[in-house]
Every structure is written in C-alpha cells, then in structure tokens.
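Letter by letter, the chains look like this.
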Amino acid sequence: MALECEGLSIDIGGTSVVRDVSLSVGDGERVGLIGSSGSGKSMIVRSVMGLLPPTAHVSGSVRLHGNELAGLDDASMSLLRGSAIGMVFQNPQNALNPVLTVAQQIELPLRLHYDLSGGERRARVLRMLGKVGLPESFADRSVMALSGGQQQRVGIATALVTSPRMIIADEPTTALDATTQRQIVDLLRELVDELGASMLFITHDFAVLSRATTRCYVLHEGRIVESGSTDGILDHPRTTYAKTLVEAAKALSLHVEEGNGDE
Amino acid sequence: MSDVVLEARGVHKTFGRGKTHHEALRGVDLVVREGQSVAVIGESGSGKSTLTRILFGLDCPTTGDVLFHGRSITGKEGRERLLALRRASGVVYQNPFESLDPRWTAAQSVAEPLLAQVADANIDERVDEAFRVAGLDAGRYANRFPMDLSGGQAQRVAIARAMVTSPQVLLADEPMSAIDVAARVQIVDSLRRVREANPDMAMVVVSHDLGVVQHIADRLVVMHNGLVVERGETHAVLRHPTHEYTRTLIAAASW
C-alpha cells in the first residue's frame, strides 16, 4: 500500500477539523479526495506532508509504504518531502519561488536529496521540461514570466523530478482557466502512470475528479461520508452530500445537444 | 429590439510603450442591450477583463469610444456621462472575501451603496429586498461578518450589495472562479433570480468557463488575443461554433 491513513483525527485550537478518517492509496493507484472548502481535505494532506500548524493535535496513523509518519520529527519529514512524496500545489504563483529561474526551481529537490553534478542536474531538468510540454528555452526564464498554466507545468516538473513513488496534488487546477485545467489534469495523470507512481488528488469538482482518478473518498465536515469507484459515485451517489457535489458538477458541465465535433 | 445601454466602438488598448508594449485590445466592438445578459468569454490574457473594465469606465481606451445610452463616457466631455454610468452600474468581483469589508456585517456592506446615493427612510426595507433577490435569508445572514460566511454565501452578499441600488447594468467579473463547485450552482441561481426581478437590467458576465455561463447568458462574445473571434446567441454558438478557439473552450467545459 502506498499510503494508508487509519483513524486520523486532527484538532486545531480545540476545533475538530478531521474526524476518524481512514483511507488508502494502492501502489500505482490514482485516488481522489473530494469535498467543499472547509471539509478538512487540505488538513489531511498537510498531516501526510508533516506541514500542520504547531497548534494542531493529531491522533491516528499515517503510513507511507508501510512506514509510520505520525510523530516523525521535522528533519525526518524533510528527508521524505520532495524525494518519497512529490507535491503539486493549488496556486503555482504562490508555490514557486519568484526569484528563481525555471531550471533553478525544478532542480531544487535534486539539490536537496541527490548528489549530482551541475551538468547531471541540468540534463534531468531539461528532460523534465520536455515531459511537461515546455520548450528547453524556458529553462533560464524567470518563473514569474510564465502564464498560470506554464507555471503549473513547472510545479509538476518540480514535484516529479526525483521520481517520487507518491504524488499529492492539492487542487492543482482550481486556480487555472477551464482550457488549461483539462490539459493539466491529463498531463498529471499521464506522468503519474508513466512513473508507476501513486497519486492522491484533492478537489471540490467531480468533473475534474472523474478525469484524474479511478477511486475516491467524499469528505464532509471532516468525515468520510462515502467512498468507492469514481464513476460509480458519479452515476449513483448514495449520500445527500455526494449527490449535491455530483449534481453541481453535472449542472456546470456543457451538454450541447448537437455534436460540435470535439466531444 | 430593445435599447442599447452600453456600447464599445473600435476599442484599442495598449499597455506600455516601445519594445515592451502590449496590445491588449486590437479593435473591439460590443453592444449590450436593455434586459440582455452578455458573457465575455476567453482565457487569461485574452483581453476580456480589459474590455469590460473599459466598458464600465474603470479604464480608458487608447483609441475608440465607449457610449452609455448613446453618449460617450470618455475624455473630459464624457465626464458627466461616466459619473452617470457609475451611479447606474453594480459590480460583482471575483473574490467576495476581498471585495467585502471584513469589519462590516453583511447588512452594512449591502446598505453602503444606498447611503451614498439616497437619503431614504426605506433603507432597511431595500436591504432586505436585496438579500431576498440574491437568494439569502436576511434574518439569518444580515448580522454575520464575512469570515462567518462560506464562499457562496459571501458572494451572494456581494450580489445583494451590487443590486441594492437597482442598477441598469450589472458587471459580474469571474463571479464563480474563487468558490467551489457546489457553491457555484447557488451563484448561478442567485444571478438568475436577480435578472427575473429586474427584467430591464443589462448584465455583463466575464468568465473563462462556458459551463457556468450557459445558464446565465443570452449572448456570448468570445475573445482571443485581444480580438472578438466569435459572437452570437448562446445556444447557437454552443451548437455551431465557427472558430477553432470556441471549440477548444467548448471541449474544456464538456467533462
């Protein structure tokens, strides 16, 4: 099992934000975690990454490839972040370092975790640029000179450059245009499968989820209220909350009666 | 056909000069009629926000003109007309938590545009009515602060605030991009109710998402690289797109 949370509960300042959550991501599996803002999904991600605020009280267990993460100190977690776990964030503009070039940004995890020469790092960075669909000429540009979609491609390259076995994508398309969203979801899915890695994909949108994952958990007010195959829940949501999410996604998807040649 | 409320004629907009200049709009015409809802669609950088900012007098065209009820709002001569447009328009922004004052209750935020315009004993009544039209229970939400509201609730407060002065034109600039999908449906519903309650009001919606605007726009204007590449009645454009870029947008919204 790539990732396993068991009985995970998180309290922050006396408020219970995650309640007895158990979920798992199998090896090579793409799994979704869906819920509205405030449902606790980002807190679950943060607990896996060891990025919860110091006031948070955590109980339960989080295992990565069988190794317990709960209770690990900062130094041990730093060794895992960027090597064993790659993370793609919601807003690439905030997640990338504005003073770095594209190449400097992407090679950061390699510098931190690997003993490679500058030339070897450069070669890997250029290879990653190709994989995320950016030209090599972008390597020495500032990340701030790129569009949102291009920045998110750099974010994905940074997350995947060390070939981590586990990828966590926290709303990676929410800040992007509709046209770019589709490209980024498809790119992420393709690269994760090519790596043979596992992915936990967080979103509030069933439309995005259906394209990114095969199985999912529905989170409401800190609890998992429903889980199963993504297509199954889309077709037959059982809980009122899952129904609301599915109906919203369907209402906001285009259903053009006459064919337009694309869909 | 009903009267033209707002019109852009041959609008060009250039930012910067010399080598680094950027032509955001390269000659755009747009007509918004009474009672009509027009969606300006395109991705980041297409010029859609620049166009609507100019249309509502929040920025000036480099060349070209903008008319409110047939008279120019640009330049010195247009000053009075511009002020008339400001009084007659309401704006809903992308992020309600940035557009609402965090120190004010929902009711205070909704009442403020009225206080600036009228000395009216019926302010409470009109605030209640604005809440109702936006689809919010005033009794439940009027005394809450933005931090005690969800994204969807806060955006409906912002809609009530924009509607309280009964504007002739409403600009909604990416009103759903910052909130989650379940709440977007509530905003669609809220904007529909607002239109039903104000059948003569014209509305301009800026969006990158056809899935959202299919429910609230009568007409679509598709922008790409500073030009209008396609325009027409919403369902006609969705069924028979003629431009390649429109097809891309349709595919992106068809999950």
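Presented here is an overview of the structure given in this document. Just so it is clear, the structure is predicted and the values come from calculations on it, not from any experiment.

Contact residues are listed per partner, giving 28 residues for chain A and 29 residues for chain B. Applying the counting criterion to the chain A and chain B interface returns zero salt bridges. Split into classes, the residues belonging to the side of chain A that touches chain B amount to eleven nonpolar, nine polar and eight charged.

Quick look at the packing of aromatic side chains now. Throughout the structure, instances matching the rule amount to zero aromatic pairs over all chains. The ring of F138 of chain A carries R141 of chain A above its face, with NZ or CZ at 4.2 Å from the centroid.

Okay, the nonpolar core next. If you look at the biggest cluster of nonpolar residues, it comprises 56 residues, and the most contacted ones within it are F131, L170, L210 and L220 of chain B. If we skip the residues at most four places from it in the chain, L210 of chain B touches L254 of chain A together with I41, L220, L238, L249, I250 and A253 of chain B. The next biggest cluster of nonpolar side chains, apart from the first, holds 50 residues, and it includes L126, A157, L187 and F206 of chain A.

With phi around 50°, E171 of chain A is a residue other than glycine that occupies positive phi space. By the secondary structure assignment, E171 of chain A is in the loop between β7 (166–170) and α7 (178–195). Under the relative-accessibility criterion, E171 of chain A is labelled buried at 8%. Phi is positive for H69 of chain B, which is not a glycine, with a value near 50°. Within the secondary structure layout, H69 of chain B lies in the loop between β4 (63–68) and β5 (71–72). Among the residues examined, H69 of chain B registers a relative accessible area of 33% and is labelled partly exposed.

Conventions adopted
- Residues numbered from 1 in each chain as written.
- Chains lettered and ligands numbered in written order.
- Predicted model: local features only at pLDDT ≥ 70, side-chain atom pairs only at ≥ 80, totals over all residues.
- Heavy atoms only, no water.
- Contact = heavy atoms within 4.5 Å.
- Salt bridge = Lys/Arg side-chain N within 4 Å of Asp/Glu carboxyl O.
- Nonpolar A, V, L, I, M, F, W, Y, C, P; charged D, E, K, R; others polar.
- Phe/Tyr/Trp six-rings, centres within 6.5 Å; stacked < 30°, edge-to-face > 60°.
- Lys NZ or Arg CZ within 6 Å of the ring centre and 35° of its normal.
- Core = buried A, V, L, I, M, F, W, Y, C linked by side-chain atoms within 4.5 Å.
- Buried < 20%, exposed > 50% of the residue type's maximum accessible area, 1.4 Å probe, protein only.
- Helix = DSSP H or I, 4+ residues; strand = E, 2+ residues; numbered from the N terminus.

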